[in-house]
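Descriptive structure summary
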Amino acid sequence: MIRLFNTLGRHIQDFEPMDPNRVKLYTCGPTVYDFAQIGNLRAFVFNDTLRRTLESAGYRVRHVMNITDVGHLSSDADSGEDKLEKGAKREGKTVWDVADFYIRAFEKDTTALNILPPNGYHGKAEPYARATDFINEQQDIIGLLLDKGFAYITEQAIYFETAKMSDYGKLTGQKSSDKEVAARPEVVVDNNKKSPQDFALWFFTVGRFASHSMHWTSPWGEGFPGWHLECSAIIHSTLKEPIDIHTGGVDHIGTHHTNEIAQTEAAFGTKLANFWVHNEHLLVQDEKMSKSKGNFFTLEDVIKRGFEPLALRLLFLQSHYRKQTNFRWESLSAASSFLKNLQAWADLKFQDTLHKNGSDVNYGVVLEKIKECLFDDLNTPETLAVLSQFIQKTEKNRVAKDNFQTFLEHLDELFGLDLSKRADVGSEIKSLINQRQIARQNENWSASDALRNSLLHKGVEINDTEQGQIWRRV
RNA sequence: GGCGCGUUGGCCGAGGAGUUAGGCACAGGUCUGCAAAACCUUUUACACGAGUGCGAAUCUCGUACGCGCCUCCA
């Protein structure tokens, strides 16, 4: 039984999908106006772990993720541009080019981190659902909401009337009357709104949005969709509400997800999602890492500093998804060493000398333990502790090759660390290793040391053990 | 103002009333032709104050500090 912390109700609950074999999973994807920063990537590693955990429990997971390629306003109060417009201006491209470019960049980053692509919907060029490919569906929802009296039209926009939903805001637990109006200074107030919490479903290309370059015709006038509608529309036309699990960052709880719930439940009269699972943020110097603060690092920065992308993945797995984590290069470096040690352990599969007494090791028990930890609200740090303890305990009596490789494959299914996919050293290295073995047998220490040095220069460290030489890449 | 999450050793981080987290780093030792690896050992912990318990890092209350959200965000 998988247990997950459900933001709706704020406690850990047993997870059971509506269909006992299938899970409908939806993830709020990125806004593609810039490179993903590693805090964003932490969110997607968390989603990936959730997906892998569900699959390991035997569920067939249908996973859909959107891409926001329109309509989120920037924080520049005077410019009135959205983030894509801003990115386009900065780079001298069209908004469409900007979106394309950063979608490709996002795919590259997530591939490098072994994040499985969503499998529940495939757009024209990527496995994500672009908001701009669902304009009609978004308009359909607006039509429904107008018909049912949940929306009203002003000169600037069509708004959702939050007062019409008796349980509006149930995800936050905060009373509407307690909310601070325009908590951020850059929030633009439209005096034609009935309530400050009413949110836009459709903006007309008038006033500050007159020159907005992404716009579509609609029965109510030329314009573009509001900030929250895309997810409701995409879920409706792909997975169909109600879904089992909806994920996203904690920053979405109060506004984006609250409004998604309101729209969907008002338009279709159906619950949107049974479970809401939110990840906490990555911090830098005790502040949230974010694009708008400019205090962020990208995967490119990580690679430039000489780290493997998977070291970052391992770092994320070492902390719990619901806890803020302070990013430090020092801790990435620690994770990188940890990964290298795991890789060296995995590389033992190419080295017969240590494989003896294999039948003593019960990989199944370890895997079950690891799964138990994952099923307990994705306790990835605990899984790694279990694995580390296991490795230490079995150091002296490693196992028969075939079982070992299968075990590594199972670990990769859960962790995505590519431990089962490692290549053997080349014939040149092997030859040097053999020569050194002969030199040692002949007690020719100077030749032996020279060969060890030579191998080290080629990136292979040799250690002498009771069972003979073992190598590891450095 | 409201809502939410935190404060664990040199760094990162689990756990969560009595018994080892784990990773990385550091020191000493064993082993070794020399190294290294491995193994063993040791040292630095649970923000502060009060309360409830036989017993509290773990529960309760309070205080301090930090982070996030309240129409940009993962």
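Here, the structure is the one placed above.
Quick look at the structure, then. (Residues numbered from 1 in each chain as written. Chains lettered and ligands numbered in written order. Predicted model: local features only at pLDDT ≥ 70, side-chain atom pairs only at ≥ 80, totals over all residues. Heavy atoms only, no water.)

**Comments concerning the packing of aromatic side chains**
Counting across every chain of the model gives 28 aromatic pairs. Geometrically, the ring pair formed by Phe 15 and Phe 275 is edge-to-face, given 5.3 Å between the ring centres and 75° between the ring planes. Of this pair, Phe 15 sits in strand 2 (residues 11–15) while Phe 275 is found in strand 11 (residues 273–279), placing the two residues 260 residues apart along the sequence. Comparing Phe 15 with Phe 275 shows no difference in burial state: the two are buried. Plain terms: the ring middles of Phe 35 and Tyr 102 are 5.2 Å apart, the flat faces sit at 90° to each other, and that makes the pair edge-to-face. (Phe/Tyr/Trp six-rings, centres within 6.5 Å; stacked < 30°, edge-to-face > 60°. Helix = DSSP H or I, 4+ residues; strand = E, 2+ residues; numbered from the N terminus. Buried < 20%, exposed > 50% of the residue type's maximum accessible area, 1.4 Å probe, protein only.)

**A few points about the packing of helix 1 (residues 38–56) against helix 8 (residues 309–317)**
For the pair helix 1 and helix 8, the least separation of the axes is 10 Å and the interaxial angle reads 70°. Looking at the two axes, helix 1 sits roughly perpendicular to helix 8. Each of Ile 38, Leu 41, Arg 42, Val 45, Asp 48, Thr 49 and Arg 52 in helix 1 lies in contact with helix 8, whose residues at this interface are Leu 312, Arg 313, Phe 316 and Leu 317. Across the contact of helix 1 with helix 8, the residue classes break down as six nonpolar, one polar and four charged. (Axes fitted to C-alpha atoms, helices over the stretch in contact; angles between N-to-C directions. Parallel < 35°, antiparallel > 145°, perpendicular 65-115°, else oblique. Contact = heavy atoms within 4.5 Å. Nonpolar A, V, L, I, M, F, W, Y, C, P; charged D, E, K, R; others polar.)

**Points about the nonpolar core**
Counting 111 residues, the largest nonpolar core has Ile 245, Leu 312 and Trp 345 as its most contacted members. Listed in part, the 17 residues of the second largest apolar core include Leu 171, Cys 231, Ile 243 and Leu 272. (Core = buried A, V, L, I, M, F, W, Y, C linked by side-chain atoms within 4.5 Å.)

**Here we look at the environment of Phe 404**
Secondary-structure assignment places Phe 404 in helix 12 (residues 401–415). Classification of Phe 404 by relative accessible area gives buried; the value is 2%. For the pair Phe 404 and Ser 218, spaced 186 residues apart in sequence, the C-alpha separation works out to 60 Å.

**Thoughts on the sheet that holds strand 5 (residues 129–130)**
Taken together, the five strands give an open sheet; going across it, the order is 5-4-3-10-11, and neighbouring strands pair in parallel fashion. The sheet is open, and its two borders are formed by strand 5 and strand 11, each paired with just one other strand. Here two bridges tie strand 4 (residues 60–67) to strand 5, and the two strands are oriented parallel to one another. Counterpart to Asn 66 in the pairing with strand 5 is Ala 129. (Pairing = 2+ DSSP bridges.)

**A short note on the pairing of strand 15 (residues 460–465)**
For strand 15 and strand 16 (residues 468–473), the ladder comprises six bridges, and the chain directions are antiparallel. Bridge assignment links Asp 464 to a residue of strand 16, and that residue is Gln 469. Counting the residues in the hairpin turn of strand 15 and strand 16 gives two residues.

**Details of the side chain of Asn 279**
Here Asn 279 shows up in strand 11. Non-local contacts of Asn 279, meaning those with residues more than four positions away in its chain, are made with Ala 43, Phe 46, Gly 248, Gly 249, Val 250 and Tyr 321.

**A few points about the side chain of Asn 259**
Here Asn 259 lies in helix 6 (residues 253–268). In this view, Asn 259 contacts Tyr 168, Phe 199 and His 228; residues no more than four positions away in its chain are not counted.

**A few points about the pairing of strand 3 (residues 22–27)**
As defined by bridge partners, strand 3 adjoins strand 4 across six bridges and the pair is classed as parallel. Along strand 4, the bridge assignment pairs Thr 27 with Met 65. The parallel pair strand 3 and strand 4 is bridged by helix 1, and the resulting crossover is right-handed. Pairing of strand 3 with strand 10 (residues 243–249) involves three bridges; the strand directions are parallel. Across the sheet, Leu 25 pairs through a bridge with Ile 245, a residue of strand 10. (Right-handed = clockwise from strand over helix to strand, strands pointing away.)

**Here's the deal with the packing of helix 13 (residues 427–441) against helix 14 (residues 445–457)**
Orientation of helix 13 relative to helix 14, taken along the N-to-C sense of each, is 160°, at an axis distance of 8 Å. Between helix 13 and helix 14, the interaxial angle falls into the category roughly antiparallel. Crossing geometry of helix 13 relative to helix 14 is assigned as left-handed. Contacts between helix 13 and helix 14 pair Ile 429, Leu 432, Ile 433, Gln 435, Arg 436, Ala 439 and Arg 440 from the former with Trp 445, Ala 447, Ser 448, Leu 451, Arg 452, Ser 454 and Leu 455 from the latter. Among the residues making up the contact of helix 13 with helix 14, the classes are represented as eight nonpolar, three polar and three charged. (Left-handed = near helix turned anticlockwise from the far one by under 90°.)

**Some remarks on helix 14**
With 13 residues, helix 14 extends 18 Å from end C-alpha to end C-alpha; this agrees with the ideal 18 Å at 1.5 Å per step. Among all positions in helix 14, only Ser 448, Leu 451 and Leu 455 are buried. The buried side chains of helix 14 occupy one side of the element, clustering within an arc of 65° when seen end-on. Seen from the open side of helix 14, the exposed residues pointing more than 90 degrees away from its buried face are Ser 446 and His 457. Buried positions along helix 14 lie against helix 13 and strand 15. Gly 459 sits one or two residues past helix 14 and shows a positive phi near 90°. (Expected span 1.5 Å × (residues − 1). Arc of directions from axis to C-beta.)

Coordinates in, geometry out; function isn't part of it.
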